[in-house]
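Listed below, chain by chain, are the residues.
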Amino acid sequence: MSTEKLVKQQARAALRGNLSQLIAGAGVAAAVFLLWEFIEYFALNELGVQDTENILQSDQWFVVPVVVVFMALVLFSTPLLNGFLRMAASTAVRGKCDSLDVFYFFKTPMLFFKTVIINMLLMLLVTLSSAALNLSGWLSWAFPDYFGASPGLTAEFMLTALATVLTVLIRVMLYMLLAHYPLMRYALDENIGAGACVFGTLGFSLRRFGKLFKLALSFAGWFALCFFVVPVLYVLPYFAVAAVNSARWLLQMDGIGGEV
């Protein structure tokens, strides 16, 4: 039996009796972020702003504080995602979880702010790397008359679409390389320092990227089912538990793993 099959088998066994709690935890996190998105949209609509891409224009300077406030609200809400991963870690390690653990990283100010710092650093790493490797953006800048063509079976449009797809794939790879294992490690051991979690895990992430890629590839069929939306309710907890379980064993093999 391959490693990926074994990890997925363990994840399915751990999900029994815990699926509803994980769905509830993910639902709480999603609801909070959707709420901020709705309120921001409503606020900007009331201000008569339909497009925030050019908010630094002279006639839209007043929008900047609004956008900054909502960016801060989103950032300060990200520990909910860590809480969901904590639930997945508890499921993988102990075979049980509590839906209230989605708020786990809010329990003390020190833990909360450390979690926010870790998430902010990871977001910066992924965002800056994505901007530097934005293939679609660079090609559009270099060849403005060639890229961004109107839809249709033209060489220009097909090349633009290909560049966009490659850019998305690059961003996914950057997340897997820079953020995935630090998040899994933190979910397993909240006592780790922010610097050790973000930067001290980079070497491990490079060494174990192939394992994560194989695991993600083994879920390709499940991810495809998410096109129908409803399967997400099962696939998200399933993949989260499998991913944290895989990371748990790999971290222990390298002698840097923790337990929830």
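Residues numbered from 1 in each chain as written. Predicted model: local features only at pLDDT ≥ 70, side-chain atom pairs only at ≥ 80, totals over all residues. Heavy atoms only, no water.

Right, let's get into the packing of helix H3 (residues 63-77) against helix H4 (residues 79-94). The geometry of H3 relative to H4 is characterised by a closest axis approach of 5 Å and an angle of 20° between their N-to-C directions. On the basis of their axis angle, the class for H3 and H4 is roughly parallel. Contact residues: H3 offers Leu-75, Phe-76 and Ser-77, while H4 offers Pro-79, Leu-80 and Leu-81. Taken together, the residues of the contact of H3 with H4 break down into five nonpolar, one polar and no charged. (Axes fitted to C-alpha atoms, helices over the stretch in contact; angles between N-to-C directions. Helix = DSSP H or I, 4+ residues; strand = E, 2+ residues; numbered from the N terminus. Parallel < 35°, antiparallel > 145°, perpendicular 65-115°, else oblique. Contact = heavy atoms within 4.5 Å. Nonpolar A, V, L, I, M, F, W, Y, C, P; charged D, E, K, R; others polar.)

Our focus in this paragraph is the confidence of the model for the protein. Taken over all residues, the pLDDT of the protein has a mean of 86, while the share at 70 or more is 85%. Per-element confidence in the protein ranges from a low mean pLDDT of 69 for helix H6 (residues 135-142) to a high of 96 for H4. (pLDDT = per-residue confidence, 0-100.)

Side-chain pairs of opposite charge can arise where the charged atoms are in close proximity. All chains considered together, the criterion is met by three salt bridges. Residues Asp-254 and Arg-207 are paired through a salt bridge, measuring 2.8 Å at the closest nitrogen-oxygen approach. Linking Asp-254 in the segment after helix H12 (232-253) with Arg-207 in helix H9 (residues 202-207), this pair joins segments that are 47 residues apart in sequence. For Asp-254, a relative accessible area of 26% corresponds to the partly exposed category. A residue is classified by how much of its surface remains accessible, and Arg-207, at 54% relative accessible area, is exposed. (Salt bridge = Lys/Arg side-chain N within 4 Å of Asp/Glu carboxyl O. Buried < 20%, exposed > 50% of the residue type's maximum accessible area, 1.4 Å probe, protein only.)

Next up on the list: helix H5 (residues 109-132). The end-to-end C-alpha separation of H5 is 34 Å, in line with the 34 Å expected for 24 residues at 1.5 Å each. Considered for burial, the residues of H5 that qualify are Leu-111, Phe-112, Lys-114, Thr-115, Val-116, Ile-118, Asn-119, Leu-122, Val-126 and Ser-130. (Expected span 1.5 Å × (residues − 1).)

This part is about the layout of surface pockets. Estimated volume of the largest pocket: approximately 1200 Å³. Lining of the largest pocket is provided by 38 residues; of these, Leu-81, Tyr-175, Ala-179, His-180 and Leu-183 occupy positions nearest its centre. If you list the elements that add at least two residues to the lining of the largest pocket, you get helix H2 (19-46), H3, H4, H5, helix H7 (155-188), helix H10 (209-218), helix H11 (220-225) and H12. In terms of residue class, the lining of the largest pocket is made up of 33 nonpolar, five polar and no charged. Reported here for the second largest pocket is a volume of approximately 170 Å³. Lining the second largest pocket, in full, are Thr-3, Glu-4, Leu-6, Val-7, Gln-10, Lys-211, Leu-215, Ser-246, Trp-249, Leu-250 and Met-253. Going through the elements one at a time, helix H1 (3-15), H10 and H12 are the ones with two or more residues in the lining of the second largest pocket. (1 Å grid on protein atoms, 1.4 Å probe; cavity = no way out; pocket = protein on both sides within 12 Å on 5 of 7 lines; lining within 4 Å. Points joined across faces, edges and corners; volume = space filled by probe spheres on them.)

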